[in-house]
Every structure is written in structure tokens, then in C-alpha cells.
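Tertiary structure, described
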Amino acid sequence: MNHLLKRIQSSLATAAVIVAGCAMLTSCYKDAPLGSECDILRAKVSVAAPAEMFYNLSDTTVEVLSTDSTVTFTVRNSADLSALAPTFDITKGSVISPASGSVHDFSNGPVTYTVTSENKTWHRTYRVAFNRVTRSINDTTCLDFEHFSLESSGHKYYVWQRLLEDGTLSSDWGTGNAGFNLSMGSAKPNEYPTVPDPDGIDGYCARLTTRSTGPFGEMYNKRIAAGNLFLGSFDMASVLINPLKATRFGVPYDASPLKFTGYYKYTPGPKFIDKSGREIVGRTDSAAVYAVFYRNHDADGNAMVLYGDNVKTSPLVVAIADTKYLAPTTEWTPFEVTFTYLSEPDARLLAERGYSLAVVFSSSSEGDKFMGAVGSCLMVDKVRIISTKEE
């Protein structure tokens, strides 16, 4: 990942931190000598009639994040997957097997590809899948936190999957845990900002805790890492260059959301600090819990995603449900907020997966500015999106 390492080097001031940071960011292995990169950067597929297979032309291309080990194309339920030939952009000098552009049958499940580094020493495996998607049936989308595991590359932190209506699991949940690993790589899984907790209403819940980032964070005035969990993905390539671009909010959603409900516990940490580490006396930390419904393509048909710097302000936003303030409580307490619409959704776009839904939780509402209180803890469970279906 030379392109990533060079960008990191330009943003870090000391050689010692560069070495430590790069060691934790490398996607192939711990050290990064030249010729060792072995990543898929982008996957594409060409078919004779893309509109018959894909909901949007942009779905024919998948940008692959450095932490991804699965590459998923979203297709219509009627798509013929028996003979497809995806092509791949890979890191310079590396090779991929099976070959880019070779034909395979994806109708029985994913096909495994292996990328080998230029120096032949390192490799990564990817599962490439075509996911048939139909319109959702239920008016209520259930968001529970029972499906989690340790991430596959180093088993350092937890990742979550979402249970879909057809019984399959999808990697729709994102967290900043991977970014915390950059500053606190020695932390144990349960010491990360976002972890599972067995003390849910019924089974597991998600526990989000604002953590100190230690000496690494102090050096760059990024002293805290708020616990966060959101529908979307986390882009490690942006975490040092532009942290607000690291959180890629939203997954396609084909209904008009009406209400956002769930249960929570919240305890603010004892001392609220700003970026410089100065305590703001009298200031109490607060949680962020909200949902955003937005158009996921611009007027020219380009795929769009919202980030930490525009998730509530983008002109693509159609509706917002924001709790704004949740009172501290040590007991499971319900919350319910109605979506406020800024414009009417288009039934045709709903059917074509032209909208996305972002659901966002954070233990410190200003954690994106690296302000908050270490120890602030938000627990969430049994989250629901109640919607209407367009006929």
C-alpha cells in the first residue's frame, strides 16, 4: 500500500510515530518494505445489459477499503450469476489469482481470489460475491447487536454484522475501532471504544465508551476516541489525513422511514476536555443518537455517501430523526423520535435503491472534534426503524 504509506508519512511529524503508525495500518502484514503490497483497490464487472442486472450503473464498480476482505456487488434478484468476469485494480506489481477478467460461476456463492505481492512474500485472500437483493417486506427494520466477531486479520477488535430479512448477515455496521488500533495497538478487544456487552435487554447490546488515545493522540491533539457504531463503513485510508472522511455513513434503504426507536443507558465521563486537553469546567458530555435518510446518487448518477462533515447538512439529506439529548440513566430507557422530512421521497428511486439510511451512535456527541469525556459510556439495544412501503 505505497500510496497509503506516503500519505501517512506526509501527515506525521516524527519518524518514530511514522514507523509505529504504518506498522499498524498496513493491510498485508506488520512491516511494509517496497514490493510487499497485495491489495485489491477496486473491482468492476461489465455485462451486456447492466440495467437488467444492477439497480444503478454505479453498482458495477466497488471501491475496496484497506480493511475489507469481502468484495460484494449488489444485483437484482433476477440476475444471472452463472458466468461473470469481474476485473480488478490491484496494488502496483502484485498479481491476482484467478486472473482478473476470468469467467466464473457466482450463482453458488463467493469466489476466492488471492493477491500476491510483487516480492512474492505476502498475500491476501478476498471473497468476491454477488448479493441478490429484493425489496424489503417488513415495515420495521430490526437493528440488534447479537452478531459480532473479532476482526479476521489480527483479532484485535470487534466488528458487527446485521441480520437481514432473508436470514443472511451483512457487514453493514461500521465502527472507529480500526482507527483506535492505530494509537492503542496493545489494547485488548474489550478495551476498545466499541464492544459487545451481555447486559442487553435480551441478549447482547452494544457498549460505546470514550477512550483515551494515549501519547499518540496527545501529540496530534486527538486525545479521545469516542465509542461509535453506525450503518456504513470505516475507511482507514482517511483516518490520519481527514478523520471526518473516515466515517462513510449509510446503506441502501428502500422504504420511507417514519420513526427511530430503541433503548439506551448513558453515563457521562467525569471530566470534559477540549482538543488541547484543557478541562472545560461545568461542561457535561452527551451522547449522539440519530438517523439520516438521504439520496445516494447525485443528479448525474454518481454514487454518493455522506461523511462525518456533512451527514446532517448535505443537500442530499431527505429526512432526519435526531434525539438531540438523552438524559443520563443507569436503567434501560426507551427513546423514540419521528423523522422530519425536508423533501418528499421519490417512489421510483425507492424501488431502485436510490436512497440510503444512516443510523449513528456515539458516546461523545463532539467526539468527531476530539472533544468529550474519557469514560463516557453509551449502551444501546433493540433499535428499530419503523417505515412505510411504497406500492
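Details of the structure are given in the entry above.
What you see is a predicted model; the values in this text were computed from it and never measured. Along each chain, numbering runs from 1 in the same order as the chain's sequence is written. A pLDDT threshold of at least 70 governs which residues receive local features in this predicted model, and a stricter bar of 80 or more applies before side-chain atom pairs are shown or counted, although totals over entire chains, interfaces and linings include all residues. The side-chain figures draw on all heavy atoms in the structure; neither hydrogens nor water molecules are used.

Secondary structure counts use DSSP, requiring at least four H or I residues in a row for a helix and at least two E residues in a row for a strand, with both numbered from the N terminus. For serine 183, the position within the fold is in helix 4 (residues 177-183). Taking the C-alpha atoms as reference points, serine 183 and glutamate 218, separated by 35 residues in sequence, lie 10.0 Å from one another. Discounting residues that sit within four places of it in the chain, serine 183 has contacts with Thr213 and Phe216. By definition, residues are in contact when any of their heavy atoms lie within 4.5 Å.

A few words on the pairing of strand 27 (residues 355-362). Residue burial is assigned from relative accessible area. The probe radius is 1.4 Å, only protein chains are included, and a residue is buried under 20% of its type maximum, exposed over 50%, and partly exposed in between. Judged by how many residues are buried, strand 27 sits mostly within the fold: eight of eight residues are covered. Where burial is concerned, the two faces of strand 27 agree: the one with Tyr355, Leu357, Val359 and Phe361 and the one with Ser356, Ala358, Val360 and Ser362 are both buried. As judged from the three bridges shared by strand 18 (residues 228-234) and strand 27, these two strands associate in the antiparallel manner. Of the residues in strand 27, the one forming a bridge with phenylalanine 230 is valine 360. In this scheme, strands are said to pair when DSSP sees at least two bridges between them. Examined bridge by bridge, strand 20 (residues 251-252) and strand 27 share two bridges and lie antiparallel to one another. Counted as the bridge partner of valine 251 is leucine 357 from strand 27. Both strand 23 (residues 288-295) and strand 27 contribute to a ladder of eight bridges, which runs antiparallel. Across the sheet, residue tyrosine 294 finds its bridge partner in strand 27, namely serine 356.

Let us now look at the packing of aromatic side chains. In summary, the pairing rule links any two rings of Phe, Tyr or Trp, Trp by its six-membered ring, whose centres are within 6.5 Å, and it sorts them by plane angle into stacked for under 30 degrees, edge-to-face for over 60 and tilted for everything else. Evaluated as defined, the whole model comprises 18 aromatic pairs. Plain terms: the ring middles of phenylalanine 145 and phenylalanine 361 are 6.4 Å apart, the flat faces sit at 80 degrees to each other, and that makes the pair edge-to-face. Within this pair, whereas phenylalanine 145 is found in the loop between strand 8 (140-143) and strand 9 (148-150), its partner phenylalanine 361 is found in strand 27, the two being separated by 216 residues in sequence. The buried category is assigned to phenylalanine 145, whose relative accessible area is 0%. Seen in terms of ring centroids, phenylalanine 148 and tryptophan 160 are 6.3 Å apart; in terms of plane orientation they differ by 50 degrees. Their pairing is tilted. Of this pair, phenylalanine 148 sits in strand 9 while tryptophan 160 sits in strand 10 (residues 158-160), placing them 12 residues apart in sequence. Among the residues examined, tryptophan 160 registers a relative accessible area of 2% and is labelled buried. Clustering of aromatic rings is evident, with ring pairs tying together Phe145, Trp173, Phe260, Phe335 and Phe361. Only when the NZ of Lys or the CZ of Arg is both within 6 Å of the ring centre and within 35 degrees of the ring normal is a charge said to sit over the ring. Over the ring of tyrosine 290 we find lysine 312; its NZ or CZ atom is 4.2 Å from the centre of that ring.

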